[in-house]
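# Chain and residue survey
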Amino acid sequence: MTYIAKPKFHHPGLKKNALGYTHRDYEGKISTLCAGCGHDSITASIIEACYELSIEPHRVAKISGIGCSSKTPDYFLGNSHGFNSVHGRMPSVLTGANLANRDLIYLGVSGDGDSASIGFGQFAHSIRRGVNMTYIVENNGVYGLTKGQFSATADRGSKSKKGVTNTDNAIDLVAIALQLGATFVARSFSGDKSQLVPLIAAAIGHKGASFIDVISPCIAFNNHAGSTKSFDYVREHNDAVNRLDVLVGRDPIAVDYAPGTVQVVEQHDGSKIALRKIDADYDPHDRLGAQTFLARHAAKGQIVTGLLYVDPEAEDLHEHLNTVETPLNALEADTLCPGSAVLDKINASLR
Amino acid sequence: MSDKKPISSVNDFVVRFANVNGSGSASANEMFARAILRHGVPVSPRNIFPSNIQGLPTWYEVRVTEAGHLGARGGVDMMVAMNPQTWDKDVAGIEPGGYLFYDSTKPMPSTKFRDDITVIGVPLTAITNSTYTDPRQRQLFKNIIYLGALSALLDMDPKLIEQLIGDQYKGKEKLLSSNVHALHLGRDWALQNLKCPIGLRVKKSDKVGDRIFIEGNSAAALGAVYGGATVCAWYPITPSSSVAEAFTAHCKKYRHDPETGKAKYAIVQGEDELASIGIVIGASWNGARAFTATSGPGISLMTEFIGLSYFAEIPAVIMNIQRAGPSTGMPTRTQQCDIIACAYASHGDTKHVLLFPEDPAEAFEFAAAAFDLAERLQTTIFLMLDLDIGMNHRLCRPLKWDDARQYDRGKVMTAAMLEEGRDFGRYLDVDGDGIPYRTYPGTHPTKGSYFTRGTSRDRYARYSEEGTVYADNMQRLMRKFETAQDLVPRPLQANAERPTKYGVIYFGSTSPAMDEAIGLLEARGHQLDRLRIRAFPFHSSVASFLAEHDFVYVVEQNRDSQLRQLIVNENGIDPVRLVPIVHYDGTPITARFIAKAIGDHQDHLKVTPLRKAVS
């Protein structure tokens, strides 16, 4: 269980980031998930990304719903506040938290049951509103905590561990996120840390609704032949359109890439993403093109991964609401309360 | 024509307007109510409207009451029958000796009238059509024309009405003059063709004083502005939508930075009530003052989050503008029917704080107080309004605010306190009041973070399924609820002139009808002490009141006497001593109803030995 204490000591020579934090400062409690769970790799990637970005750990708010994936915020960023909320309701809780304090970094962690079934509506509406967040779905196609029922992202025709064939159509959260106007959309694989870490880092740097669907095989209930979310299946069908590096800081960094294969995207926070093209025709600034590309490849049984869409000029909910720069939770009576003189005038107008 | 003497009354009668929804009658009818207020005579108007935008019947009732009885009275002294669909019912509803005002443009068969009432026909359509050609103008000004005719019949001062129109259309000269013109069209026709005034008359008085005229929902929204709410998330539902709409309007006026024009608030229309309360919980967890407004069906949807708020101890303010349930029930009719649903909302052992304002002034005060209570107690606070208070204009004392007042942000551990080395246990009861300290996310780089969850945990927020740890936490939550007793608004007691063994408990919108009923009961020789409950958990004075009286009537607007159940349950009282007086047809409770129900029971008690009466 999560009460297992983790030893705090570490090697004195452990590398430090720009703020002087080591990896250990971004870790949390010991995971209680099954050994080999894909979710633990995602946890490790989140730790790595936050370390690389030199984020102050306590400036992140980690919010999740219910399920295996939603337990993971306890296993990273132990100095951050976390909120393991209600099943399928992470997006609304995160939206409220974000409205209260626009200065923190919001990391929403959810699963396929949490986001594609019970919380499908909340997933959709938080994306629509452009909440400034990094929304990660740890997608294993199965309900792990309740022992192996299909989730809504399980592909039609895929088989459960007990041998049952899924007859329902799958929901592709990436396709939905694109359709609903997410301004940063990516898919990755828990088994491909080199792809996932920079994607998470770039998503955190993005100002707007960032969505990452991470295929994360369930070692206990969905890693068998006939599953389309097993390690083997995903490795065989992974079709990466690009790889990226996140370049922190404003100074250009010389990167040794073949000419014409790299595209640099500047983000709001000043960081740059260097995008190495794998599929020469893929344009991550073309929302409609991305939708078509995904649909075409899905029909062929391929799992498209990489940074699928990014709008560097994105706006977020606070801009839509025109809220003050000061976090709302820092405003006090002197600025919030109109006072008795105004109330007297209001009274007079009501006579 | 009449075998019954026409009713004669000055400043004490009920006029009811029967209209078709969407015909623009609402503003003219409201103007009628305001015009009487301008005479210094209190009124109590009520909108009786359908769940519909256009076409269905709607009524507007104005109780003219120099004595200041603001509850519904029951009965109609004058019917302004403008809706053919409801004609028969409307005519039948007039008190014997009452008056029927109608559009006489088309002749009506005599069978459509009654011979015990005074029938007043004004050819409204004919007057309107001969003056206006535009169909929309015809519809709107017809309403003002009948207002003009009524002003003559009821002996109202036209100058006061003109002033009112002048105030209402300030800066819109064209509308102003055309409304005044229409007013005089009706007034002049009545003066020339009818015997004016009739038996019902409005006479100038000075009984309004400095009171204001406001809807409860608007007052509650203003309370949220004054109380420092910065996040509002809501989903449209009658009769609560106007809370969020009013909050929006108030914020636009009072909450923009004068220099940058930026908003010091965030309002989100959620995709449903689940999202609305989720946003409130998320914002409150992160240290903002947040609220939602809803009604019964929304409460049902929110219950899972309400349980989380209780167990994970996150502040939230929910304004419940109650309507008749269950299910969709009667969406546009009033009740006090969510008492149990809110007091014990959500699965598991839960209890929640409820506030019961009696009118818009208290809705304002309690709304502002709800945010202090929510942060002090770190839990959900329900502001229990209902349609009768929420959606009707009500005369009430002016709203007050003390500029020295600071918000009570509750027990929040700051970075400085953590630096001092204070022991932070998120669920640690350091003061013995059951209330732990919390930290806002982002407070300190290495201290004070914790993992919020709806699962059980120990005093330091560490996950635990140990029975003793769980029970320890549940007992602390009980202790916290006991602390709440002394923080919430106390009951108000008013004793009868003579000592009595009988008492009555009531709350919320029943208040004005109850006050009036006391007078009626005294006239029948019944003395009753009164206790108006203003919050749950019940203060100890409720138990004392019960102990001091043999029988206590509990007056409420629901079928199952829910407040009575709550009192019995929470105080371990013998239910026989609590007599339910319930009114639940969706109309507001009246003094006549209360006086009859209690009076009959009292009469019964006096002739029957106690043992027989209760066996």
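Since the model is a prediction, treat every value here as computed from it, not as a measurement.

## Digging into the overall build of chain B
Helix and strand content of chain B: 20 helices and 23 strands. Here the C-alpha atoms of chain B give a radius of gyration of 27 Å, agreeing with the 25 Å that 2.2 N^0.38 yields for 615 residues. Considered along the principal axes of its C-alpha atoms, chain B spans approximately 85 × 75 × 40 Å. Considering only residue pairs separated by 6 or more positions, chain B has 76% of its internal contacts joining residues 24 or more positions apart.

## Re the packing of helix α7 (residues 216–226) of chain B against helix α8 (residues 241–254) of chain B
Residues and elements named next belong to chain B. For the pair α7 and α8, the least separation of the axes is 8 Å and the interaxial angle reads 50°. Comparing the axis directions of α7 and α8 gives the class oblique. Crossing hand, α7 versus α8: right-handed. Contacts between α7 and α8 involve Asn217, Ser218, Ala220, Ala221, Leu222, Ala224 and Val225 from the first element and Ser242, Val243, Ala246, Phe247, His250, Cys251 and Tyr254 from the second. When grouped by side-chain class, the residues that make up the contact of α7 with α8 number 10 nonpolar, 4 polar and no charged.

## Observations concerning helix α3 (residues 124–131) of chain B
Owing to its 3.6 residues per turn, the α-helix brings residues three or four apart onto one side. Residues and elements named next belong to chain B. For α3, the full list of buried residues reads Leu124, Ile127 and Thr128. Down the axis of α3, the sector holding all buried residues measures 95°, keeping them to one side. Structurally, α3 contributes buried residues whose contacts are with β6 (94–103), β7 (118–122), α4 (135–153) and α6 (173–193).

## Topic: the pairing of strand β4 (residues 57–65) of chain B
Residue and element names in this part refer to chain B. β4 sits mainly inside the fold: 8 of its 9 residues count as buried. Where strand β2 (residues 12–20) meets β4, 9 bridges bridge the pair, whose relative direction is antiparallel. Bridged to Val14 within β4 is Arg63. The sheet contact formed by strand β3 (residues 43–48) and β4 spans 6 bridges and is antiparallel. Bridge pairing links Asn47 to Tyr60 in β4.

## Section: the UniProt feature "domain: Thiamine pyrophosphate enzyme TPP-binding" (unreviewed entry) in chain A
Following the UniProt record, one finds the feature "domain: Thiamine pyrophosphate enzyme TPP-binding" (unreviewed entry) at residues 66–214 of chain A. Taken as a whole, residues 66–214 of chain A contains 34% helix and 23% strand, while its terminal C-alpha atoms sit 17 Å from one another.

## Regarding the domain arrangement of chain B
Residues and elements named next belong to chain B. As far as domains go, chain B holds domain 1 (9–201), domain 2 (214–396), domain 3 (411–488) and domain 4 (492–614). Taking the mean C-alpha position of each, domain 2 and domain 3 sit 25 Å from one another. Taken together, the contacts link 14 residues of domain 2 with 13 residues of domain 3. Every element with two or more residues in the side of domain 2 that touches domain 3 is listed here: α10 (296–312), β14 (353–355) and α12 (360–377).

## Let's talk about the nonpolar core
Of all hydrophobic cores here, the largest spans 262 residues; its most connected members are B:Ala220, B:Val231, B:Met319, B:Leu355, B:Ala370, B:Leu383 and B:Ile594. What B:Val231 contacts, discounting residues up to four positions off in sequence, is A:Gly96, A:Leu99, A:Ala100, A:Leu328, B:Ala266, B:Ile279, B:Val280, B:Ala283, B:Ala288 and B:Ala290. Counting residues in each nonpolar core, the second largest holds 7 residues, with A:Tyr143, A:Ala154, A:Ala170 and A:Cys218 among its members.

## With respect to the environment of B:Glu313
In this fold, B:Glu313 is placed in the loop between α10 and β13 (316–322). Setting aside chain neighbours within four positions, we find B:Glu313 in contact with B:Gln378 and B:Thr379.

## Things to note about the sheet that holds strand β11 (residues 266–269) of chain B
Here we have 7 strands laid out as an open sheet, ordered β11-β10-β12-β13-β15-β14-β21 (chain B), and mixed in their pairing. Either end of the sheet is taken by a strand with one partner, and the two such strands are β11 and β21 (535–536) of chain B. Pairing between β14(B) and strand β15 (residues 380–386) of chain B: 3 bridges, direction parallel. Residue pairing in the sheet places B:Val353 in a bridge with B:Ile381 of β15(B). Seen against the sheet, helix α3 (residues 90–100) of chain A touches β10 (231–234), β11 and β12 (290–294) of chain B and runs at an angle of roughly 155° to β10(B). Here α10(B) sits on the sheet and contacts β12, β13 and β15 of chain B; the angle it forms with β13(B), its principal contact strand, is near 160°.

## A short note on the sheet that holds β3(B)
Sheets are built from strands that pair by backbone hydrogen bonding, the pairs being arranged parallel or antiparallel. Residues and elements named next belong to chain B. In space, the 6 strands of this open sheet follow the order β3-β4-β2-β5-β6-β7, with mixed pairing throughout. Here the strands that pair on one side only, and so sit at the sheet edges, are β3 and β7. With strand direction ignored, the average angle separating the axes of adjacent strands in the sheet is 15°. Where helix α1 (residues 25–37) meets the sheet, its contacts fall on β2, β3 and β4, and the angle it forms with β4 comes to roughly 0°.

## Examining the UniProt feature "domain: Pyruvate/ketoisovalerate oxidoreductase catalytic" (unreviewed entry) in chain B
In the numbering used here, UniProt assigns the feature "domain: Pyruvate/ketoisovalerate oxidoreductase catalytic" (unreviewed entry) to residues 22–187 of chain B. Along residues 22–187 of chain B, the helical share is 43% and the strand share 22%, with 24 Å between the first and last C-alpha atoms.

## Observations regarding the interface of chain A and chain B
In this complex, chain A contributes 52 residues to the contact, which on the side of chain B involves 55 residues. Those elements that provide at least two residues to the side of chain A that touches chain B are β2 (81–84), α3, α5 (120–129), α11 (333–336) and α12 (339–349) of chain A. For the side of chain A that touches chain B, the per-class residue count stands at 24 nonpolar, 22 polar and 6 charged. With 3 bridges joining them, β2(A) and strand β17 (residues 451–453) of chain B adopt parallel strand pairing. By the bridge assignment for β17(B), A:Gly82 is matched with B:Phe451.

## What to know about the pairing of strand β12 (residues 272–277) of chain A
Residues and elements named next belong to chain A. One ladder, built from 5 bridges, connects strand β11 (residues 262–266) with β12; its direction is antiparallel. Counterpart to Val265 in the pairing with β12 is Ile273. If you look at the hairpin formed by β11 and β12, you'll find 5 residues sitting between the two strands, and Gly270 has a positive phi there, around 90°.

## Topic: the confidence of the model for chain A
Any residue range with low pLDDT should be treated as having predicted coordinates unsuitable for detailed reading. For chain A, per-residue confidence averages 92 on the pLDDT scale, and 95% of positions sit at 70 or higher. Contacts of residues 250–255 of chain A to residues separated by more than four positions or lying in other chains number 5 contacts, the stretch itself having pLDDT below 50.

Reading guide: rules and limits
Residues numbered from 1 in each chain as written. Chains lettered and ligands numbered in written order. Predicted model: local features only at pLDDT ≥ 70, side-chain atom pairs only at ≥ 80, totals over all residues. Helix = DSSP H or I, 4+ residues; strand = E, 2+ residues; numbered from the N terminus. Rg over C-alpha atoms; globule rule 2.2 N^0.38 Å. Contact = placed C-beta atoms within 7 Å. Axes fitted to C-alpha atoms, helices over the stretch in contact; angles between N-to-C directions. Parallel < 35°, antiparallel > 145°, perpendicular 65-115°, else oblique. Left-handed = near helix turned anticlockwise from the far one by under 90°. Nonpolar A, V, L, I, M, F, W, Y, C, P; charged D, E, K, R; others polar. Buried ≥ 20, exposed ≤ 12 C-beta atoms within 10 Å, placed from the backbone. Arc of directions from axis to C-beta. Pairing = 2+ DSSP bridges. UniProt positions renumbered as here; feature names shortened; annotations may be inferred. Domains from an automatic or database assignment. Core = buried A, V, L, I, M, F, W, Y, C linked by C-beta atoms within 7 Å. pLDDT = per-residue confidence, 0-100.

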